[in-house]
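Commentary on secondary and tertiary structure
Here is what each chain is made of, one letter per residue.
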Amino acid sequence: MFGVKSKIESLWNEWYQSGELRQVRIFPMGYICNHACPMCWRENLTPEMRQKLSKAAFTTDLQLKDYLKIMATLPKTVDRIVLCGGGEPLLFRDIGILLEAIKKENKEGHVITNGTRLTPELTDLLIRSNWDALYISVNAATKSVYKVINGADNYDLVLGNI
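Right, let's walk through the structure included here.

Conventions and cut-offs
- Residues numbered from 1 in each chain as written.
- Predicted model: local features only at pLDDT ≥ 70, side-chain atom pairs only at ≥ 80, totals over all residues.
- Heavy atoms only, no water.
- Helix = DSSP H or I, 4+ residues; strand = E, 2+ residues; numbered from the N terminus.
- Buried < 20%, exposed > 50% of the residue type's maximum accessible area, 1.4 Å probe, protein only.
- Phe/Tyr/Trp six-rings, centres within 6.5 Å; stacked < 30°, edge-to-face > 60°.
- Pairing = 2+ DSSP bridges.
- Axes fitted to C-alpha atoms, helices over the stretch in contact; angles between N-to-C directions.
- Core = buried A, V, L, I, M, F, W, Y, C linked by side-chain atoms within 4.5 Å.
- Contact = heavy atoms within 4.5 Å.
- Salt bridge = Lys/Arg side-chain N within 4 Å of Asp/Glu carboxyl O.

**Things to note about unusual backbone geometry**
With a phi angle near 60 degrees, Asn106 is a residue other than glycine that sits in the positive phi range. By secondary structure assignment, the location of Asn106 is in the loop between helix 4 (95-104) and strand 3 (108-113). Residue classification places Asn106 among the exposed residues on the basis of a relative accessible area of 70%. For Asn130, which is not glycine, the phi dihedral falls at a positive 60 degrees.

Right under this line is the structure:
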């Protein structure tokens with residue numbers, strides 16, 4: 001649209017060849033999130049657009065094989081991969097495989113999450129794979145404020161996961 005794609009490709013090629021690219025951010029769930037924070041850009045979308053983006057996350061958006069291909073072709077200067085997003089990255093269906101793949105590539109791994117999907121199995125995987133950083137956005141100091149800010153009643157769950 002209006003040359004944006006070609007500009008992005010041009011900038012990517014410039015970075016790739018310059019050897020300055022050190023960090024890559026991956027948004028494995030794009031739009032999909034299990035919270036409804038009132039300040040989030042997603043809350044301003046029409047129901048039709050939400051449905052379209054939700055469907056795309058499981059059909060046309062990047063899947064595990066795509067992320068593995070990207071990681072295999074990253075310049076050697078990239079030493080950190082951050083999983084984050086406009087959605088909740090731990091909702092990604094193959095999150096465990098993706099986390100392991102990042103560490104197998106000897107990359108520093110970071111995750112930014114709301115903490116609701118941090119299961120004991122996933123915690124064990126993070127420890128076993130020597131994961132580097134996990135950032136949990138709580139956004140509130142009390143249960144009542146948490147529910148307003150996050151649009152979900154997961155305060156006790158998140159604290160328990162932490």
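Now, onward.
**Here we look at the packing of aromatic side chains**
Under the criterion given, the structure shown has two aromatic pairs. Between Tyr67 and Phe92, the ring centres sit 5.8 Å apart and the planes meet at 85 degrees, which makes this aromatic pair edge-to-face. Taken as a pair, Tyr67 in helix 3 (residues 64-72) and Phe92 in the loop between strand 2 (80-83) and helix 4 lie far apart in primary sequence, 25 residues in all. Residue classification places Tyr67 among the buried residues on the basis of a relative accessible area of 6%.

**Quick look at the sheet that holds strand 2**
Strand order in the open sheet formed by four strands is 1-2-3-4, and the pairing between neighbours is parallel. A strand with exactly one partner marks an edge of an open sheet, and here the two such strands are strand 1 (23-26) and strand 4 (133-136). Here the average twist between neighbouring strands, direction ignored, is 15 degrees. By the bridge criterion, four bridges tie strand 1 to strand 2 in an arrangement that is parallel. Paired with Val24 across the strands is Ile81, a residue of strand 2.

**Comments concerning the nonpolar core**
One finds Leu83, Leu98 and Leu99 to be the most contacted residues of the largest nonpolar core, which totals 28 residues. Every element with two or more residues in this core is listed here: strand 1, helix 3, strand 2, helix 4 and helix 5 (120-128). For this core, the element with the most residues is helix 4, which contributes five residues. Ignoring any residue separated from it by four or fewer positions in sequence, one finds Leu98 in contact with Pro28, Leu64, Tyr67, Met71, Leu83 and Phe92. Counting residues in hydrophobic clusters, the runner-up holds five residues, among them Val138, Tyr146, Tyr155 and Val158.

**Section: the pattern of salt bridges**
Scanning all chains against the criterion turns up six salt bridges. Here Asp79 ties to Arg22 by a salt bridge, and the two come within 2.3 Å at their closest N and O atoms. In this pair, Asp79 is assigned in the loop between helix 3 and strand 2 and Arg22 in the loop between helix 1 (4-18) and strand 1, connecting sequence segments 57 residues apart. For Lys65, the salt bridge is made with Asp66, and the minimal N-O distance between the two is 3.4 Å. For Lys65, a relative accessible area of 62% gives the class exposed. Using a relative accessible area of 22% as the deciding quantity, one classes Asp66 as partly exposed.

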